[in-house]
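Coordinates in review
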Amino acid sequence: MTAQRRFVRRTVLAVTASVAALTLAACGSGDGKASGGTASATATGGHNAADVSFSKDMIQHHRQAVEMAGLAAGHASSAQVKSLATKIEGAQAPEIKTMSGWLTSWGEQVPKDMSGMDSGMGHDMWSSTPGMMSDADMGKLEKASGADFDTMFLTMMVEHHEGAVDMAKTEKADGSYAPATALAAGVITAQSAEIKQMNKMLGKS
């Protein structure tokens, strides 16, 4: 083999190796948490199935908390309960918009708002979500007033918050979209503090 042919052969082999390396790099560019479909982690989205599930479930969870908090103004007797309810609504309503925006950008369906619907059509559809109140629970809360409402609201909201904290911990462990895991961390911090506050208001340690 002449020197010229050996040079040409080495050049062809080098180009082939470079193309193969680039192809392998492109195939391995995921973050290791991709699960396929629209819920896969991508270079632009960076989300996975856990992020989608968390966003959808937490939107409905927050919606119910906002609905419960909205009752306090006309039913609660305690200024502390009213203040807490205002705080909860102020924190969670914007997060609903944020998570809805994520789902839209990912090509996912934003869950239909079931809050305020007739009994049997709303909350019970989401009864498997941790901490969600049933239609019967919401009906009792809507009918309560004064000190009875205060106690019922705090008791239910503690359970509701505990469910949110559990969901957020799952997202922190399994999610890959940084803004979603950051929101989950915020939920854990804020709602854990509110659980302690509400238990104290209920006379519990």
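Scroll up to find the structure this text is about.
Given the structure is predicted, the values throughout are model-derived calculations rather than measurements.

Attention now moves to the overall build of the protein chain. Secondary structure summary: the protein chain contains 6 helices and 0 strands in total. Starting at the N terminus, the α and β elements of the protein chain follow one another as α-α-α-α-α-α. For the protein chain, buried positions account for 38% of its 205 residues. A sequence separation of at least 24 residues applies to 72% of the contacts in the protein chain between residues at least 6 apart. Of the roughly 11,000 Å² of accessible surface on the protein chain, 57% is carried by carbon and sulfur atoms.

A word on the pattern of salt bridges. Under the counting rule described, the total for this entry stands at 2 salt bridges. Here Lys 56 makes a salt bridge to Glu 108, at a shortest N to O gap of 3.6 Å. Separated by 52 residues along the polypeptide, Lys 56 in helix α2 (residues 49-75) and Glu 108 in the loop between α3 (79-105) and α4 (135-143) bring together distant segments of the chain. Using a relative accessible area of 16% as the deciding quantity, one classes Glu 108 as buried. The closest approach of N and O atoms between Lys 87 and Glu 194, which form a salt bridge, is 4.0 Å. Remark: Glu 194 occurs in helix α6 (residues 178-201) and Lys 87 occurs in helix α3; sequence separation between them is 107 residues.

By the secondary structure assignment, His 61 is in helix α2. Take His 61: its relative accessible area is 1%, and that puts it in the buried class. Polar contacts involving the side chain of His 61 include one to the main-chain carbonyl oxygen of Pro 130, which spans 2.7 Å. Leaving out residues up to four positions away in the same chain, His 61 has contacts with Thr 129, Pro 130, Gly 131, Met 132, His 160, Gly 163, Ala 164 and Met 167.

We now examine the nonpolar core. If you look at the biggest cluster of nonpolar residues, it comprises 42 residues, and the most contacted ones within it are Met 68, Phe 149 and Phe 153. Elements supplying a minimum of two residues to this core: α2, α3, α4, α5 (146-174) and α6. Apart from residues lying up to four places away in sequence, Phe 149 is in contact with Leu 71, Ala 72, His 75, Ala 76, Leu 141 and Ala 144.

What follows concerns the environment of Ser 83. By the element assignment, Ser 83 lies in helix α3. In this structure, the C-alpha to C-alpha distance between Ser 83 and Ala 69, residues 14 residues apart in sequence, is 9.7 Å.

Let's shift gears to the packing of α2 against α3. As a packed pair, α2 and α3 sit with axes 8 Å apart at the nearest point and diverge in direction by 150°. If you check the angle between α2 and α3, you find them roughly antiparallel. At the point where α2 passes α3, the crossing takes the left-handed sense. Class assignment of the residues belonging to the contact of α2 with α3 gives a composition of 16 nonpolar, 5 polar and 5 charged.

Another aspect to go through is the packing of aromatic side chains. Scanning the entire structure with this criterion turns up 4 aromatic pairs. With 6.3 Å between their ring centres and 25° between their planes, Trp 102 and Trp 106 make a pair best called stacked. On the accessibility criterion, Trp 106 (8% relative accessible area) is buried. On the numbers, 5.5 Å between centres and 80° between planes, the contact of Trp 102 with Tyr 177 is edge-to-face. One end of the pair, Trp 102, is in helix α3; the other, Tyr 177, is in the loop between α5 and α6, and 75 residues separate them in sequence. Residue classification places Trp 102 among the buried residues on the basis of a relative accessible area of 10%. Owing to a relative accessible area of 18%, Tyr 177 belongs among the buried residues under this scheme.

Along the polypeptide, Leu 103 turns up in helix α3. On the accessibility criterion, Leu 103 (0% relative accessible area) is buried. For the pair formed by Leu 103 and Lys 56, sequence separation is 47 residues and the distance between their alpha carbons is 7.9 Å. The residues touching Leu 103, leaving out its near neighbours within four places in the chain, are Val 52, Ser 55, Lys 56, Ile 59, Glu 108, Gln 109, Val 110 and Pro 111.

The rules behind each value
- Numbers given to residues run from 1 along each chain, matching the order in which its sequence is written.
- Totals for whole chains, interfaces and linings use every residue, but because this is a predicted model, local features are given only for residues with pLDDT of at least 70 and side-chain atom pairs only at 80 or more, for both listing and counting.
- Note that the side-chain values use all heavy atoms of the structure and ignore hydrogens as well as water.
- Helix numbers and strand numbers start at the N terminus; a helix is a DSSP run of H or I with at least 4 residues, a strand a run of E with at least 2.
- A 1.4 Å probe rolled over the protein chains alone gives each residue an accessible area, and that area as a share of the maximum for its type sets the label: buried under 20%, exposed over 50%, partly exposed in between.
- The contact rule is simple, with two residues in contact once any of their heavy atoms fall within 4.5 Å.
- Here the open area of atoms and residues is found with the Shrake-Rupley method and a 1.4 Å probe, where only the protein chains shown may cover a residue.
- For this document, the term salt bridge refers to a Lys or Arg side-chain nitrogen within 4 Å of an Asp or Glu carboxyl oxygen.
- Here a polar contact is taken to be a pair of N or O atoms separated by no more than 3.5 Å, where protein atoms must pair a possible hydrogen donor with a possible acceptor and residues adjacent in sequence count only if both atoms sit in side chains.
- Nine residue types can take part in a nonpolar core, namely buried Ala, Val, Leu, Ile, Met, Phe, Trp, Tyr and Cys, and a core is a set of them joined through side-chain atoms within 4.5 Å.
- Note on geometry: axes are C-alpha line fits, over the in-contact stretch for helices, and angles between N-to-C directions span 0 to 180 degrees.
- Each angle gets one of four labels, with under 35 degrees taken as roughly parallel, over 145 as roughly antiparallel, 65 to 115 as roughly perpendicular, and the rest as oblique.
- By convention the crossing between two helices is left-handed if the near helix lies anticlockwise of the far one by an angle smaller than a right angle, and right-handed if it lies clockwise.
- All residues other than Ala, Val, Leu, Ile, Met, Phe, Trp, Tyr, Cys, Pro, Asp, Glu, Lys and Arg, Gly among them, are scored as polar; the first ten of these are nonpolar and the last four charged.
- Note on aromatic contacts: the rings of Phe and Tyr and the six-membered ring of Trp form a pair at centre separations within 6.5 Å, being stacked when their planes are under 30 degrees apart, edge-to-face when over 60 apart, and tilted otherwise.

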